[in-house]
Amino acid sequence: MSDSIFQFITLDLFPLLAATLASLVCALLGNYLVLRRQSMMGDAISHAVLPGLVVAFLITQQRLPIPMFLGAAVAGLVTVILIELVRKLGRVEPGAAMGVVFSVLFAFGVLLLSSDRMRSVDLDADCVLHGVLEGLTLNLPHDTPHTWGGIFSLSNLAHIPRPVVTLLVVLLISSTCVAILFKEFRLAAFDPALATAQGFRAGALHMLLMALVAAATVASFEAVGSILVIAMLICPPAAARLLTDRLNTQIWASLVLALTSAVSGYASAIYIPSAMGRDSVSVAGSIAVASGLILALAALFAPTHGVLARTLRQKRLTREIALDDLLAMLYRAKEIEAEPLSVASLGFAAEPRTLAIARQADLIALANDRVTLTPSGLDRARNLVRTHRLWETYLVDEAGLAPDHVHDIAEKLEHTNLTPPDAEHDPHGRRIPSE
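Bear in mind that the values here come from a model prediction, so they are computed numbers and not experimental data.

### Let's talk about the confidence of the model for the protein
Confidence in the prediction for the protein averages 84 pLDDT; 94% of positions are at 70 or higher. Put simply, helix 6 (residues 125–130) is where the protein has its lowest mean pLDDT, 57, and helix 16 (residues 375–397) is where it has its highest, 92.

So, in structure tokens, the structure goes:
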């Protein structure tokens with residue numbers, strides 16, 4: 001085995017594994033938080049675990065990893081339960097309940113931390129915010145041979161960083177629960193009342209999901225800090241949500257995006273600065289930035305829900321409506337006057353771009369500054385006017401509106417795919433064109 005591979009395994013492999021496992025488990029569960037509009041639950045838990053950490057230390061009088069993890073996990077579960085109680089008993093929205101509970105618990109942790117028994121304890125704020133990802137190296141005995149068998153021997157398994165093992169266990173448990181209860185979780189996320197009506201216990205499913213989120217948040221929090229946990233829970237699922245409307249596809253897309261952000265963020269923090277002769281930067285911060293960039297790219301370029309797609313769709317719809325208004329005006333004029341209208345008499349409907357599109361589509365013809373409908377334009381205009389007058393008739397006869405109040409509403413409804421009931425005359429006595 002070459003020295004570069006040995007160095008990668010001992011220095012980079014397990015920090016990268018911890019980042020990847022944390023990204024995957026957070027993205028998996030974050031999909032349901034995004035659907036439930038409870039994205040800030042991870043933020044609430046990551047702040048509210050502080051009293052659990054302090055109480056664990058007060059009981060053991062040592063900073064032992066397992067008691068500290070259990071203390072944080074219990075605090076996370078208490079946070080979830082209190083949020084539900086405040087939401088139900090206080091009848092407030094979930095965001096308000098989260099804000100109340102996590103701020104009170106965090107303040108309680110600060111009070112405990114400032115007590116006399118805790119003054120001698122060194123809690124590094126940087127570790128809380130950014131985690132200790134860079135410190136999860138594989139510390140092997142000096143006499144370990146530089147071979148695959150030597151590094152991954154049974155005697156060296158005990159040297160695998162504990163956060164990596166914890167994250168792997170939490171990921172396996174979460175994946176199993178989601179795979180077994182996928183249908184139930186999906187129904188409870190979209191419509192809890194319907195889930196309960198169909199025999200599923202939506203409340204129990206919610207508590208199970210929140211318990212998994214608490215476990216994932218605490219396990220990830222220990223390795224990557226409170227800031228990155230929030231980014232991991234929200235950014236990949238939110239980006240995947242912009243890419244698809246199907247939950248199954250969304251979950252797989254979020255996992256791919258989480259893996260991409262973890263690997264690219266780690267490489268950007270370690271390898272790129274090293275190649276440029278500069279010191280490495282925070283891995284957790286780099287992964288959070290990568291997650292944010294992926295979400296920003298999805299928000300801009302998602303095929304259906306992206307800003308670019310929606311802008312283009314809006315412009316296309318505006319052009320279509322302007323074209324329909326022009327054709328309908330020409331048809332109504334043709335019903336009254338035998339002579340074609342001049343361009344100047346069309347007013348706002350004679351916008352040069354609209355006229356150019358109509359001519360290019362062979363819907364109108366221009367001759368001697370006069371505008372006439374072509375056969376294809378006449379068919380389209382007749383259908384538009386027919387739909388408009390049918391909607392006016394429906395609004396008067398069925399909805400009970402006054403005849404002079406239905407034009408603007410029908411103007412909007414005529415551009416939808418809905419079909420009103422058939423009729424021969426509109427409320428103003430005009431004949432409705434046949435199909």
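### A look at the sheet that holds strand 1 (residues 341–342)
If you walk across this open sheet you meet the three strands as 1-3-2, and the pairing is antiparallel. Of all strands in the sheet, those with a lone pairing partner are strand 1 and strand 2 (364–367), marking the two edges. In this fold helix 14 (residues 307–336) packs onto strand 1, strand 2 and strand 3 (370–373), with an angle of close to 90 degrees to the strand it touches most, strand 3.

### Comments concerning the nonpolar core
Ranked by size, the top nonpolar core spans 83 residues in total, and within it L29, Y32, M41, L133 and L228 carry the most contacts. The element best represented in this core is helix 11 (residues 202–243), accounting for 21 residues. Setting aside residues no more than four positions away along its own chain, L29 makes contact with S174, V178, L209, L212, V213 and A216.

### Brief notes about the pattern of salt bridges
Considering all chains together, one arrives at nine salt bridges under this definition. Ionic pairing is found between E392 and R430, a salt bridge with its closest N-O pair at 3.4 Å. Of this pair, E392 sits in helix 16 while R430 sits in the segment after helix 17 (407–413), and the two are 38 residues apart along the sequence. Of the residues examined, E392 reaches a relative accessible area of 1% and is grouped as buried. In this structure, the salt-bridge partner of D426 is R430, at a minimum N-O distance of 2.8 Å. Assessed through its relative accessible area of 33%, R430 is described here as partly exposed. Among the ionic contacts, a cluster of salt bridges with common partners joins E335, R389, E392, D426 and R430.

### Overview of the packing of helix 12 (residues 247–275) against helix 13 (residues 283–301)
Their axes nearest at 7 Å, the elements helix 12 and helix 13 cross at an angle of 135 degrees. As judged from the angle between their axes, helix 12 and helix 13 are oblique. Seen along the crossing, helix 12 lies across helix 13 with a hand that is right-handed. Residues L257, T260, S261, A262, S264, G265, Y266, S268, A269 and I270 of helix 12 form the contact with helix 13, whose participating residues are V283, S286, I287, A290, S291 and I294. Classifying every residue of the contact of helix 12 with helix 13 gives nine nonpolar, seven polar and no charged.

Rules and cut-offs
- Residues numbered from 1 in each chain as written.
- Predicted model: local features only at pLDDT ≥ 70, side-chain atom pairs only at ≥ 80, totals over all residues.
- Heavy atoms only, no water.
- pLDDT = per-residue confidence, 0-100.
- Helix = DSSP H or I, 4+ residues; strand = E, 2+ residues; numbered from the N terminus.
- Pairing = 2+ DSSP bridges.
- Contact = heavy atoms within 4.5 Å.
- Axes fitted to C-alpha atoms, helices over the stretch in contact; angles between N-to-C directions.
- Core = buried A, V, L, I, M, F, W, Y, C linked by side-chain atoms within 4.5 Å.
- Buried < 20%, exposed > 50% of the residue type's maximum accessible area, 1.4 Å probe, protein only.
- Salt bridge = Lys/Arg side-chain N within 4 Å of Asp/Glu carboxyl O.
- Parallel < 35°, antiparallel > 145°, perpendicular 65-115°, else oblique.
- Left-handed = near helix turned anticlockwise from the far one by under 90°.
- Nonpolar A, V, L, I, M, F, W, Y, C, P; charged D, E, K, R; others polar.

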